[in-house]
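# Structural overview
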Amino acid sequence: MVTSAAPSPRKRVVLLGATGSIGENTLRVLAAHRDKLELVGIAAHSQWDKLAAIARQFDVRHVGLFDDAAYSAARANLAAFPAGTHLVGGLSGLVELAQLPAADTVLVAVVGTTGLAPALAALAAGKDLALASKEILVLAGKFVLAAAKKSGANILPVDSEHNAVFQCLEGHPHAGVRRIVLTASGGAFRDWPAERLAHVTPADALKHPNWSMGPKITVDSATLANKGLELIEAQCLFGLRPEQCTAVLHPQSIVHAFVEFTDGAMLAQLCPPSMTFPIQHALLHPVRAPGVDSALDFTKLLSLEFRPIDESRFPLLRLARESMAAAGVAPAIFNAANEVAVAAFLASEIPFLAIPRVVEHVLSTVPNFEPADLPSVLAADTESRRLARLKILDPQP
Ligand code: NDP
Ligand code: MG
């Protein structure tokens, strides 16, 4: 007698940051794999109408809005959501979604560090954490890792370079790794002469050559702060020493990272520059399934270039590396000051070249220490943000 195998259960996903760039790519992956993945919870900051459309499309009944006014507007328009929707608000609402009993995996793609509490809550509840928000690990990596260790939950990197390293490392003993090399596209100003950088506008900085992403990470790509954050993220995720974490300029964004082993052999992960590849890998891991976007096509001309990064053009990369080497709360200080400075640049309050000046000032002012607990890291974060704002309002040396 032939019996058909029972269908494998679908992985149930909560998506925080559903209306953003990572959110949209995640929805494409979810739509293509409805037999393997089920969206059970979504959240955003304020775009409640876009969130309602997603809830209807994927029949999601658990919905969160961080912003009070947006939460109230959504409450007043409950008819726009599927019948029986449970609507939650504020940070406590995001935490509630992250611990949803009906979820297996929580994908955190909220810009900045707001996702820290939900990420910790997800791990404490034993949910796997698919992590896009790199700022979370830079702020509080050791506490996030400890939470995962305690519950036995997995952290699956969504950031493309880290997802690439993760794939290259699978099955290889840690002791055999000499270093990792993350690739950097070089951002919007890769080929600009240094003297033009004094006059760039937010609109210039938001034109990324290869990737379509949210505004904060696009500016971070133009300053290479993004690569700096990623080196710190990698050091934390893969348990490496600072000097083992390196980066190279690769304008095509086809190779996402290399792992170099002690014998000199290197493994690389390649795919076109679309976030659907790492997102799908993280959500379906360890299962492989047809991708959403086309794979590389070697019947067409494909050339790959790699160049050293000129750090004199990108002081934020140097500051990030120095913060990583200093350890303690230095990465948290770097991240907080950078976040505030980028927001000020996007609001046309400071010029582009003032971003590293603000970050360097805050790093040299806030004392570094080895944090014993999360509240002391958060205090350093708050103080760094306060000093960054002061420097922005009064830029005199
Ligand atoms: P976007 O700016 O495109 O989207 C941000 C998302 O987060 C939106 O859904 C936004 O909601 C939501 N959000 C913002 N603040 C809050 C909050 N306080 N509470 C709840 N939701 C909030 O950003 P990206 O998608 O580009 O980036 C998201 C994260 O992923 C960042 O940490 C980034 O560094 C990381 N990342 C992004 C990559 C990319 O390709 N975009 C690549 C690798 C990492 P709303 O729309 O309502 O404002
Ligand atoms: Mg990246």
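Residues numbered from 1 in each chain as written. Chains lettered and ligands numbered in written order. Predicted model: local features only at pLDDT ≥ 70, side-chain atom pairs only at ≥ 80, totals over all residues. Heavy atoms only, no water.

### Brief notes about the environment of Ala330
With respect to the element layout, Ala330 can be found in helix α13 (residues 330-346). When its relative accessible area of 5% is taken as the criterion, Ala330 is described as buried. Here Ala330 is in contact with Ser323, Leu363 and Asn368, once residues within four sequence places are set aside. (Helix = DSSP H or I, 4+ residues; strand = E, 2+ residues; numbered from the N terminus. Buried < 20%, exposed > 50% of the residue type's maximum accessible area, 1.4 Å probe, protein only. Contact = heavy atoms within 4.5 Å.)

### Considering empty space enclosed by the protein
Over the atoms, a rolling probe the size of a water molecule traces out where space has been left empty. On inspection of all chains with the given rule, the structure shows one cavity of 30 Å³ or more. Its boundaries defined by the atoms lining it, the largest cavity holds a volume of some 100 Å³. As for the largest cavity, its lining consists of Phe189, Leu197, Ala222, Thr223, Arg313, Phe314, Pro315, Leu316, Phe352, Leu353 and Pro356. Looking at the lining of the largest cavity, the elements that each hand over two or more residues are α9 (215-223) and α12 (315-326). The residue inventory of the lining of the largest cavity, partitioned by class, reads nine nonpolar, one polar and one charged. (1 Å grid on protein atoms, 1.4 Å probe; cavity = no way out; pocket = protein on both sides within 12 Å on 5 of 7 lines; lining within 4 Å. Points joined across faces, edges and corners; volume = space filled by probe spheres on them. Nonpolar A, V, L, I, M, F, W, Y, C, P; charged D, E, K, R; others polar.)

### A few points about a nonpolar patch on the surface
Where nonpolar side chains cluster on the molecular surface, the patch consists of Leu270, Phe298, Leu302, Leu304 and Phe306 and spans about 440 Å² of accessible area. Here Phe306 is to be found in the loop between α11 (276-284) and α12. (Patch = residues over 30% accessible without salt bridge, like charges linked within 9 Å, V, L, I, M, F, W, Y side chains within 5 Å. Areas by Shrake-Rupley, 256 points an atom, 1.4 Å probe, with all protein chains shown as cover. Salt bridge = Lys/Arg side-chain N within 4 Å of Asp/Glu carboxyl O.)

### What to know about the nonpolar core
Proteins that are soluble and globular tend to have nonpolar side chains buried together. Counting residues in hydrophobic clusters, the biggest one holds 129 residues, and the most contacted among them are Leu39, Ile42, Leu107, Val144, Phe189, Ile350 and Ile355. Apart from residues no more than four positions distant in its own chain, Ile350 is found in contact with Ala341, Ala344, Phe345, Ile355, Val358 and Ile392. (Core = buried A, V, L, I, M, F, W, Y, C linked by side-chain atoms within 4.5 Å.)

### What about the packing of aromatic side chains?
The relation between two aromatic rings is expressed through the spacing of the ring centres and the mutual angle of the planes. One pass over the full model with this rule turns up four aromatic pairs. Considering the side-chain rings of Phe258 and Phe306, the 5.4 Å spacing of their centres and the 65° angle between planes classify their relative orientation as edge-to-face. Placement of Phe258 in strand β10 (residues 255-261) and of Phe306 in the loop between α11 and α12 is noted, with a sequence separation of 48 residues between them. With relative accessibility at 15%, the residue Phe258 sits in the buried group. Aromatic ring contacts, followed pair by pair, group Phe189, Trp192, Phe345 and Phe352 into a single cluster. Over the face of the ring belonging to Trp192 we find Arg196, whose NZ or CZ atom lies 3.8 Å from the ring centre. (Phe/Tyr/Trp six-rings, centres within 6.5 Å; stacked < 30°, edge-to-face > 60°. Lys NZ or Arg CZ within 6 Å of the ring centre and 35° of its normal.)

### With respect to the site of ligand 1
What surrounds ligand 1 is a group of 27 residues, the closest being Thr19, Ser46, Gln47, Glu135 and Gly214. Here Gly17 contributes a backbone N or O atom positioned 3.3 Å from an oxygen atom of ligand 1. With respect to ligand 1, the backbone of Ser46 contributes an N or O atom lying 2.6 Å from an oxygen atom. A total of 900 Å² of accessible area belongs to ligand 1 in isolation, and the protein chains cover 91% of it. Listed by contribution, the elements that provide at least two residues to the shell around ligand 1 are α1 (21-32), α6 (134-151) and α9. (Near = heavy atom within 4 Å. Polar contact = N/O pair within 3.5 Å; in protein donor to acceptor, adjacent residues only side chain to side chain.)

### Observations regarding the environment of Ala103
Along the chain, Ala103 falls in the loop between α4 (90-98) and β5 (105-108). According to the relative accessible area criterion, Ala103 is buried, its value standing at 5%. Ala103 has contacts with Arg12, Val14, Val40 and Lys127, leaving out every residue within four places of it along the chain.

### As for the sheet that holds β5
Remark on secondary structure: sheet strands pair via backbone hydrogen bonds, oriented parallel or antiparallel. Judged by pairing direction, the sheet is parallel, and its seven strands sit side by side in the order β4-β3-β2-β1-β5-β6-β7 without closing on themselves. Each edge of the sheet is formed by a strand with only one pairing partner; in this case those strands are β4 (86-89) and β7 (155-157). Direction aside, the axes of adjacent strands within the sheet are offset by 20° on average. The pairing of strand β1 (residues 11-16) with β5 spans four bridges and is parallel. Counted as the bridge partner of Val14 is Val106 from β5. Strand contacts of helix α3 (residues 68-76): β3 (62-65) and β4, with the helix running at about 160° to β4, the strand carrying the most contacts. (Pairing = 2+ DSSP bridges. Axes fitted to C-alpha atoms, helices over the stretch in contact; angles between N-to-C directions.)

### A few points about the environment of Leu240
Along the polypeptide, Leu240 turns up in the loop between α10 (225-238) and β9 (245-249). Its relative accessible area of 8% is what places Leu240 among the buried residues. Distance from Leu240 to Ala98, taken between C-alpha atoms, is 28 Å for residues 142 residues apart in sequence. Those residues in contact with Leu240, other than ones at most four positions away along the chain, are His174, Val177, Ile180, Ala234, Gln235 and Cys245.

### Focus on α11
Burial of α11 is extensive: nine of the nine residues sit out of reach of the surface. For α11, the set of buried residues is Thr276, Phe277, Pro278, Ile279, Gln280, His281, Ala282, Leu283 and Leu284.

### Points about the layout of surface pockets
Of the volumes computed, that of the second largest pocket is approximately 340 Å³. Forming the boundary of the second largest pocket are 20 residues, of which Leu137, Gly141, Lys142, Gly328 and Pro331 lie nearest the centre. Sorting the residues of the lining of the second largest pocket by element identifies α6, α10 and α13 as the ones contributing at least two each. For the lining of the second largest pocket, the leading source of residues is α6, giving eight residues. Of the residues in the lining of the second largest pocket, the class split is 15 nonpolar, three polar and two charged.

### Focus on the sheet that holds strand β11 (residues 266-270)
In spatial order, the strands read β9-β8-β10-β11; together these four strands make up an open sheet with mixed pairing. Both edges of this open sheet fall to β9 and β11, since each of them pairs with a single strand only. Each adjacent strand pair in this sheet contributes to an overall mean axis angle of 20°, direction not counted. The sheet contact formed by strand β8 (residues 177-184) and β9 spans five bridges and is parallel. Counted as the bridge partner of Leu182 is Ala247 from β9. Contacts between helix α7 (residues 160-169) and the sheet are confined to β8, β10 and β11, with β10 contributing the most and set at about 40° to the helix.

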